[in-house]
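These are the residues of each chain, in order.
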Amino acid sequence: MLPRFRADPADPTEGCAGDTPVWLEIGFGGAEHLVGQAVANPDVRLIGCEPFLEGVVKALDGIEAAALRNVRIHDEDVRPLLDQLPDACIDRVFILFPDPWPKTRHHKRRIVSDTTLDSLARVMRPGAMLRIATDHMGYGRWILFHVLRHPAFRWTADSVRDWLDVPPDHVTTRYQSKLLAGSTPLFLAFDRCQTGGAREEG
Ligand SMILES: C[S@@+](CC[C@H](N)C(=O)[O-])C[C@H]1O[C@@H](n2cnc3c(N)ncnc32)[C@H](O)[C@@H]1O
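Nothing here was measured: the structure is a model prediction, and the numbers come from that model.

Below, the discussion takes up the site of the ligand. Taken together, 16 residues are adjacent to the ligand, and G27, E50, L96, T173 and Y175 come closest. Note that a nitrogen atom of the ligand is positioned 2.8 Å from one of the backbone N or O atoms of L96. Within the backbone of Y175, a nitrogen or oxygen atom sits 2.9 Å from an oxygen atom of the ligand. Contact with the protein chains covers 83% of the free accessible surface of the ligand, which is 590 Å². Taken atom by atom, the bulk of the ligand overlaps the largest pocket. For the shell around the ligand, the secondary-structure elements that each account for two or more residues are α4 (78-84) and α8 (174-177).

This is the structure in structure tokens:
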């Protein structure tokens, strides 16, 4: 099934109307959220990225079981995909429970980085939403530090409930369902601003 459902980076709405909203999930793991959002939003094109083969198989199982036609899979690292997507083509981005890489010497492996944010700023439409969830407070602080200093993004939270409450449209992921009782994940939502591009270097 994979060749049939593999994403075409140059044509993210391939197979649907050109004005179809496109949502991107980075690191979909077991594909619970990807498949759940695709079922709930049949008029949206979902592109899921996951290099882990077992996750890709789960996504294809979900696509087959629900007879989905609105999902495409990128079965590799998201970063080359981001480089190939057209400007301003993505309406929502989900990064749910990314690997926290807690050791300082591994922080450079974190998917939320200045470079990834520059790429997201280019491919996201003005007004598009970026949702990042984490249960790791150190990574939560890192995410806020990097996104808030980026000129293309604005944190949409007005109150503590906006980042502690699970968003009503969220679909629980496998990683999230394994969290220890008492650990509170953060759901951080940002807007792609109308202005602002890549950061100034330096
Ligand atoms: C901790 S798991 C969370 C999976 C899923 N989002 C969940 O909540 O159950 C992080 C996932 O991100 C994927 N990942 C890591 N780096 C990635 C990258 N550069 N591009 C795409 N996916 C990546 C991993 O393979 C892994 O499945």
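Still to come is the rest of the account.
Turning our attention to the sheet that holds strand β3 (residues 71-74). Taken in spatial order, the seven strands make up an open sheet running β3-β2-β1-β4-β5-β7-β6, and their pairing is mixed. Of all strands in the sheet, those bounded by a partner on one side alone are β3 and β6 (153-155). The sheet shows a mean angle of 20° between the axes of neighbouring strands, taken without regard to direction. Direction of pairing for strand β4 (residues 90-96) relative to strand β5 (residues 124-134): parallel, over a ladder of six bridges. Residue pairing in the sheet places R92 in a bridge with M129 of β5.

Cut-offs used in this document
Every chain's residues receive numbers from 1 upward, in the order its sequence appears when written. Local features in this predicted model are restricted to residues of pLDDT 70 or higher, and side-chain atom pairs are both shown and tallied only at a pLDDT of 80 or more, whereas totals for entire chains, interfaces and linings draw on every residue. Where side-chain values are given, they derive from all heavy atoms of the structure, hydrogens and water being excluded. We call a residue near a given molecule or strand whenever any one of its heavy atoms falls within 4 Å of it. Any pair of N or O atoms that falls within 3.5 Å is considered a polar contact. Within protein, one atom must be able to donate a hydrogen and the other to accept it, and sequence-neighbouring residues count only if both atoms are side-chain atoms. To be clear on the numbers: accessible area is Shrake-Rupley with a 1.4 Å probe, and residue cover counts the displayed protein chains and nothing else. Whether a set of points on the 1 Å grid over the protein atoms alone is a cavity depends on a 1.4 Å probe fitting there but being unable to get out, while an open set qualifies as a pocket with protein on both sides within 12 Å along at least five of seven lines; lining residues are those with an atom within 4 Å of a point. Think of it this way: a molecule belongs to a cavity or pocket when more than half its atoms come within 2 Å of the grid points there. By the criteria applied, helices consist of DSSP H or I runs no shorter than four residues and strands consist of E runs no shorter than two, each listed in order from the N terminus. Any two strands are treated as partners once DSSP identifies two or more bridges connecting them. Orientation is described by axes fitted as lines to C-alpha atoms, over the contacting stretch for helices, and by angles from 0 to 180 degrees between their N-to-C directions.

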